[in-house]
Amino acid sequence: FTSTALTGRRIMLTAGPTWEAIDPVRGITNHSSGMMGYALAQAAAEAGAQVTLISGPTSLTKPERVTSVDVVSACDMHNAVMERIAEQDIFIGVAAVADYRPVDSADQKIKKNADEMTITMVKNPDILADVANLEHAPFCVGFAAETHDVVDYARGKLERKKLDLIAANHVGGSETGFGVPDNAISLISRDRVLDLPKQSKHALARRLIIEIADSYQKKNEK
Ligand code: PMT
């Protein structure tokens, strides 16, 4: 499908997990596979947008007709986004970005000499919030993975981070959310909640891109 609202529009997405190194062979990460973000990148390209995908470590094949930049850590992802954000019309944060990273990453593999070890962590930059706070911010779409009170928590993030839309994932069970082919989402804007029940991430991505295009167009008409 093509969307006139998106033809030639520049859309940047983040996808996948981040990897916060503890030493050269160990790190802290999460179960994001990148599937949701890659499906959205593909759907946006199919709708006629110029897509830039900033991806954490995944095993997925890159979608066709998408410019991609591979990153490892949350700080790398933040830099890659900020370097290119000025040219973007729409930003979609799908990545499961680590909230914290180890203060120090050892240069050599840590040996198991001590009976206990403590890893001190420091907060990572919030990529989505930094993008939404730019003076000339693009249209911003966030994702939120929640296990309970999904809509309430997501609405809180929408307002706090000054987003245009937030896609709230229902991640309680094992059938939707992280690392599986299906997802279920409530798409929340300031004035409505659209429930999109369990379906493949590819089907959901196409539907979400239509909704995002629609809201983006309405905002620009104002
Ligand atoms: O990759 P898959 O296996 O397909 O799984 C998809 C998914 C479940 C990871 C995805 O659909 C999803 O929900 N991603 C967001 C995960 C999350 O928990 O986000 P959050 O609540 O920590 O963050 C909220 C928003 O802020 C997100 O848009 C996130 O990209 C962004 N964020 C968060 C922290 C940070 N330091 N920088 C950010 O940009």
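Residues numbered from 1 in each chain as written. Predicted model: local features only at pLDDT ≥ 70, side-chain atom pairs only at ≥ 80, totals over all residues.

Caption draft 1: Main features of the overall build of the protein chain. Tallying secondary structure elements over the protein chain gives five helices and 12 strands in all. Scaling as 2.2 N^0.38, a compact globule of 222 residues should have a C-alpha radius of gyration of about 17 Å, and the protein chain matches this with 18 Å. In terms of principal-axis extent, the alpha carbons of the protein chain reach across some 60 × 35 × 35 Å. Within the protein chain, the proportion of its 222 residues that are buried is 41%. A separation of at least 24 residues holds for 61% of the contacts in the protein chain among residues at least 6 apart in sequence. (Helix = DSSP H or I, 4+ residues; strand = E, 2+ residues; numbered from the N terminus. Rg over C-alpha atoms; globule rule 2.2 N^0.38 Å. Buried ≥ 20, exposed ≤ 12 C-beta atoms within 10 Å, placed from the backbone. Contact = placed C-beta atoms within 7 Å.)

Caption draft 2: Structural detail: the site of the ligand. Inspection of the region around the ligand gives 29 residues, with Ser33, Met36, Gly93, Ile127 and Leu128 positioned closest. Elements with a minimum of two residues in the shell around the ligand: helix H1 (35-46), helix H3 (127-132) and strand E9 (139-146). Counting residues per element, the shell around the ligand draws most heavily on E9, which supplies four residues. Its residues assigned to classes, the shell around the ligand comprises 13 nonpolar, 12 polar and four charged. (Near = placed C-beta within 6 Å. Nonpolar A, V, L, I, M, F, W, Y, C, P; charged D, E, K, R; others polar.)

Caption draft 3: Seen up close, the sheet that holds E9. The strand order E5-E4-E1-E6-E9-E10-E11-E12 describes an open sheet built from eight strands, whose pairing is mixed. A single partner strand is all that each edge strand has here, and the edge strands are strand E5 (66-70) and strand E12 (193-200). When the angles between neighbouring strand axes are averaged without regard to direction, this sheet yields 20°. In terms of strand pairing, strand E6 (residues 90-93) meets E9 through four bridges, oriented parallel. Looking at E9, one finds that Ile90 is bridged to Phe139. (Pairing = 2+ DSSP bridges. Axes fitted to C-alpha atoms, helices over the stretch in contact; angles between N-to-C directions.)

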